[in-house]
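What follows is each chain in one-letter form.
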Amino acid sequence: MDADAALSVRDLFKVFGDRPDQAIKLYRDGLEKDEVFERTGMTIGVCDASFDVREGEIFVVMGLSGSGKSTLVRMLNRLIDPSDGAIVVKGQDIARMSDKDLNNFRRKHISMVFQSFALMPHMTVLQNAAFGLELSGVPQAERETRAQAALEQVGLGQHPKSYPNELSGGMQQRVGLARALANDPSILLMDEAFSALDPLIRTEMQDELLELQEKEKRTIIFISHDLDEAMRIGDRIAIMEGGKVVQVGRPDEILNNPANDYVRSFFRGVDITGVISVGDIAQKKQVTVIDGQGKVHAARERIAAADRNFAYVVDAAQRFRGVVSADSLKAEMKTEDPQIARAILPDIRPLSADERIGDVIGAVNAAPCGLPVVDADGRYRGVVSRAILLGALERESEDV
């Protein structure tokens, strides 16, 4: 169990039936869930799930209908009681809390946003946003102040006196999000929160969530059946199949190394330009030279020997310094004191290794040479050229 995790799930089961211990024992003895059902009539909704959710990440749980994802998220705040296993937050196991302790814990640490907006039609936007605080016994002045602040966060600060029927679907869902944020939870659970919205509004809400996350990092567990949504907002994704968590990883990790055919089928047809990073495809096949005095002639000879037109300049620690060409080196050799630094071409912008390839296609296409790729510390990771980019796109198309 990760000591730094915001939430840790271990060996979690949910059995629908009157003898869950029997079903769990049979499962642990090697029977599949269908065999357990045939023998006992009990359904295992979630099977032996274990994972950690990191502080401040958007952790997306996805799977087909019936995969167990909604059952799982409802166990994380005990709207559904688990049959076995542990759910640890702040060093406390939610699965074993008394009802009184659980209610207090929810008020302080966990809020939930549902697919249905669940707004009270007779209440104003402000009253709806403050409703959870009212149930918790927060005094009126304080809850209205906190609710107004939450409405400001989601862009509804000008609508406190409006009623739900005066708002669009997207605005109504923003009220639901504000109600959850007003509690200032350490963990936000979102169960298919945007799936009832029209596609355009849904994208806007995803943008809103990402913008909120940029301003104030929260730990968010987001349930979705939409792969595009998961890839767009998720820092990491957990894939569920038949009640099991079959793979957890970053979108690019899962795309590049699917755990099984079920996961692989999910990712067929994915637009990789928004998933694969520049660092994933960068290649170190170009000429590199170390910056320093008296090396201009040697650098030009290396370019000629490799039948190249450009070289990539790094320092002794492999930090990127610039790009030189055969022509710029030739011109520098005519000066009294030739230096590689003075032969560096202007306006060659290095790419960050974590940029998505879809965001750099134009820059790569327009550049006179392959663009250098650097990591967060400025170290040279290789080059992405038009040929490398095209090759990556063609390989992914063949894999689909």
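Note that residues are indexed from 1 along each chain, following the sequence as it is written. Reporting in this predicted model follows two pLDDT cut-offs: at least 70 for local features of residues, and 80 or more for side-chain atom pairs to be given and counted; totals over whole chains, interfaces and linings ignore these cut-offs and use all residues. Each side-chain value is worked out from all heavy atoms of the structure, with water and hydrogens disregarded.

Digging into the overall build of the chain
Then step 1. The helix and strand labels rest on DSSP assignments: H or I over at least four residues marks a helix, E over at least two residues marks a strand, and numbering proceeds from the N terminus. Summing up its helical and strand segments, the chain has 18 helices and 16 strands in all.
Then step 2. Taken against the 2.2 N^0.38 rule, which gives 21 Å for 400 residues, the C-alpha radius of gyration of the chain at 27 Å runs more than 25% over that of a compact globule.
Then step 3. Once the C-alpha set of the chain is aligned to its principal axes, its extents read approximately 85 × 55 × 40 Å.
Then step 4. Expressed as a percentage of the 400 residues in the chain, the buried residues total 50%.
Then step 5. Long-range pairs, those at least 24 residues apart, make up 64% of the contacts in the chain between residues at least 6 apart in sequence.
Then step 6. Reported accessibility uses the Shrake-Rupley method at a 1.4 Å probe radius. Residues are deemed covered only where the shown protein chains occlude them. Surface exposure of the chain reaches about 19,500 Å², of which carbon and sulfur atoms provide 46%. All radius of gyration figures rest on C-alpha atoms, and the globule criterion is 2.2 Å times the number of residues raised to 0.38. Only protein chains enter the accessibility calculation, which uses a 1.4 Å probe; a residue is then buried when its area is under 20% of its type maximum, exposed when over 50%, and partly exposed in between. The contact criterion used throughout is that any non-hydrogen atoms of two residues lie within 4.5 Å.

A few points about the domain arrangement of the chain
Then step 1. Each domain's extent is set by a domain assignment, obtained either automatically or from a database. Assigned domains within the chain: domain 1 (56–75 + 97–267) and domain 2 (278–395).
Then step 2. Of note, the centres of domain 1 and domain 2, computed from C-alpha atoms alone, are 44 Å apart.

Some words on the pairing of strand S10 (residues 244–249)
Then step 1. Strands are labelled as partners when DSSP assigns at least two bridges between them. Taken together, the five bridges between strand S9 (residues 236–241) and S10 define a ladder with antiparallel strand orientation. Its bridge partner being in S10, Ile-237 is matched across the sheet by Gly-249.
Then step 2. Once S9 ends, the chain turns through two residues before running back antiparallel as S10, passing Gly-242 with a positive phi of about 55 degrees.

Points about helix H14 (residues 296–305)
Then step 1. Listed in full, the buried residues belonging to H14 are Val-296, Ala-299 and Ile-303. Considered in projection along H14, the buried side chains sweep an arc of 65 degrees and stay on one side of the axis. Exposed side chains of H14 directed beyond 90 degrees from the buried face belong to Ala-304 and Ala-305.
Then step 2. The elements touched by buried residues of H14 are strand S11 (287–290), strand S12 (310–314), strand S13 (320–325), helix H15 (326–333) and helix H16 (340–343).
Then step 3. Looking one or two residues beyond H14, the residue adopting positive phi is Asp-307, at roughly 55 degrees. It is the directions from the helix axis to the C-beta atoms whose arc is reported.

Comments concerning the packing of helix H1 (residues 20–28) against helix H2 (residues 33–40)
Then step 1. Running from amino to carboxyl end, H1 crosses H2 at an angle of 135 degrees, the nearest separation of the two axes being 9 Å. Compared by their axis directions, H1 and H2 come out oblique. Crossing geometry of H1 relative to H2 is assigned as right-handed. On H2, the residues touching Gln-22, Ala-23, Leu-26 and Tyr-27 of H1 are Lys-33, Val-36, Arg-39 and Thr-40.
Then step 2. In terms of residue class, the contact of H1 with H2 is built from four nonpolar, two polar and two charged. Between N-to-C directions, angles span 0 to 180 degrees; the directions come from axes that are lines fitted to C-alpha atoms, helices contributing only their stretch in contact. Roughly parallel covers angles under 35 degrees, roughly antiparallel covers those over 145, roughly perpendicular covers 65 to 115, and oblique covers all other angles. Note on convention: the crossing is left-handed when the near helix lies turned anticlockwise from the far helix by less than a right angle, right-handed when the turn is clockwise. In this count, Pro and Cys sit with the nonpolar residues alongside Ala, Val, Leu, Ile, Met, Phe, Trp and Tyr, while Asp, Glu, Lys and Arg are called charged and the others, Gly among them, polar.

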